[in-house]
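Analysis of the macromolecular model
Take a look at the letters that make up each chain.
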Amino acid sequence: MDIRSRNNVVVAGRHGAPVLMLAHGFGCDQNLWRLVAPALAEEFQVVLFDYVGSGRSDLSAWNEDRYGSLDGYAQDVLDICEELDLRDVVFVGHSVSSMVGVLAATREPGRFGGLVLLVPSPRYIDDGDYRGGFSAADIDELLESLEDNYLGWSAAMAPVIMGNPERPELGEELAGAFCRTDPAIARVFARATFLSDSRADLPAVRTPTLIVECDQDVIAPREVGAYTHAAIPGSRLVTLRATGHCPQLSAPEATAAVIADFARA
């Protein structure tokens with residue numbers, strides 16, 4: 001199978017420069033990096049892609065068995081790394097892709113020179129002393145609403161996820177990305193995302209890691225950033241003065257700057 005076509009792989013920027021791989025989150029595609037990628041491409045080689053089932057990927061390659069867990073998405077990442085013969089790539093994962101990156105880097109650490117976990121959450125559901133931001137009932141309700149009326153869920157949830165109510169165009173853009181996703185595929189990805197628990201994977205990370213959180217984020221509250229930072233040995237934590245769960249859209253300059261600073265180190 002042609003991996004580049006399967007995952008709609010796009011390579012931009014400076015040939016021979018350090019490589020950044022930008023991975024989108026649930027319900028999105030590589031277009032959500034459009035405000036960040038050009039700035040990074042001035043200094044780095046940038047690899048963009050769509051997970052199978054998202055964006056302009058080859059939908060015929062999707063199957064529920066593979067993409068019913070985060071392991072399938074991690075395999076997409078590793079397939080692309082193998083296809084492009086990438087070594088020492090800095091993987092930038094947004095939201096659930098942060099944990100996808102953790103899985104990929106612990107499986108094949110030689111491929112990765114760094115991880116940037118952008119608004120990560122290893123578990124969305126509260127558990128004892130762990131605060132993920134949602135109760136089990138919250139997540140059950142979210143998934144039930146998504147499964148019953150995906151388009152309605154997208155219109156209602158996108159502004160909540162995005163934050164920044166004074167900039168409604170951002171929520172509208174995210175809603176548009178959600179609505180471009182096949183609802184049947186979105187339901188499977190949603191369950192893989194919101195029911196996952198990657199906490200036990202974090203201590204195994206040996207790749208240099210930067211955790212980037214926003215100072216206000218209802219999806220990944222700051223307690224989650226602190227937990228992830230404490231669990232990954234030697235990691236760094238940066239808090240952006242930004243609101244919402246998509247700082248690559250709401251605060252693109254700051255997001256690009258913190259990624260570039262880490263990749264230069």
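Residues numbered from 1 in each chain as written. Predicted model: local features only at pLDDT ≥ 70, side-chain atom pairs only at ≥ 80, totals over all residues. Heavy atoms only, no water.

Considering the side chain of Asn-164
Definition in use: Runs of H or I in DSSP of at least four residues are treated as helices and runs of E of at least two as strands, each being numbered from the N terminus. Two residues qualify as a contact provided that any one of their heavy atoms is within 4.5 Å of a heavy atom in the partner residue.
Residue placement: Asn-164 occurs in the loop between α7 (150-162) and α8 (168-179). Beyond its immediate sequence surroundings of up to four residues, Asn-164 is in contact with Leu-170, Thr-243, Gly-244 and Ser-250.

Re a negative patch on the surface
Rule in force here: Candidates for patches are residues over 30% relative accessible area with no salt bridge; among them, like charges are joined within 9 Å and nonpolar side chains (Val, Leu, Ile, Met, Phe, Trp, Tyr) within 5 Å. Note on areas: these come from Shrake-Rupley sampling with a 1.4 Å probe, and a residue is covered only by the protein chains present in the view. A pair is scored as a salt bridge if a Lys or Arg side-chain nitrogen falls within 4 Å of a carboxyl oxygen belonging to Asp or Glu. When charges are counted, Lys and Arg contribute as positive and Asp and Glu as negative, whereas His and the chain ends are disregarded. Note that the charge is assigned to NZ on lysines, CZ on arginines, CG on aspartates and CD on glutamates. For the exposure calls, accessible area comes from a 1.4 Å probe over protein chains only, and a residue counts as buried if that area is under 20% of its type's maximum, exposed if over 50%, partly exposed in between.
The grouping of Asp-126, Asp-138, Asp-140, Glu-141, Glu-144 and Asp-148 at the surface amounts to a negative patch. Along the chain, Asp-148 turns up in helix α6 (residues 136-148). For Asp-148, a relative accessible area of 62% corresponds to the exposed category.

Some thoughts on the nonpolar core
As a rule of thumb, nonpolar side chains are buried together in soluble globular proteins. Just so we agree on the cut-off: What makes a nonpolar core is a set of buried Ala, Val, Leu, Ile, Met, Phe, Trp, Tyr and Cys residues whose side-chain atoms join them at distances within 4.5 Å.
The biggest cluster of nonpolar side chains holds 69 residues, and the ones touching the most others in it are Met-21, Phe-26, Val-77, Phe-112, Leu-174 and Phe-178. Each residue touching Phe-112, except ones within four places of it in the same chain, is listed here: Val-77, Leu-78, Cys-81, Asp-88, Val-89, Phe-91, Ala-104, Ala-105 and Thr-207. Of all hydrophobic cores here, the second largest spans 27 residues; its members include Leu-40, Ala-41, Phe-44 and Ala-256.

Re the pairing of strand β2 (residues 19-23)
To keep things clear, this is the line we draw: In short, DSSP must find at least two bridges between two strands for them to pair.
Taken across its 5 residues, β2 has 5 buried, putting it largely inside the fold. A two-sided burial pattern is seen for β2, the buried positions comprising Val-19, Met-21 and Ala-23 on one face and Leu-20 and Leu-22 on the other. Examined bridge by bridge, β2 and strand β3 (residues 45-48) share 4 bridges and lie parallel to one another. In the sheet register, Val-19 faces β3, and the bridge partner there is Gln-45. Bridging between β2 and strand β4 (residues 89-94) involves 4 bridges; their strand directions are parallel. Paired with Ala-23 across the two strands is Gly-93, which belongs to β4.

Everything listed here is a matter of geometry and, on its own, says nothing about what the molecule does.
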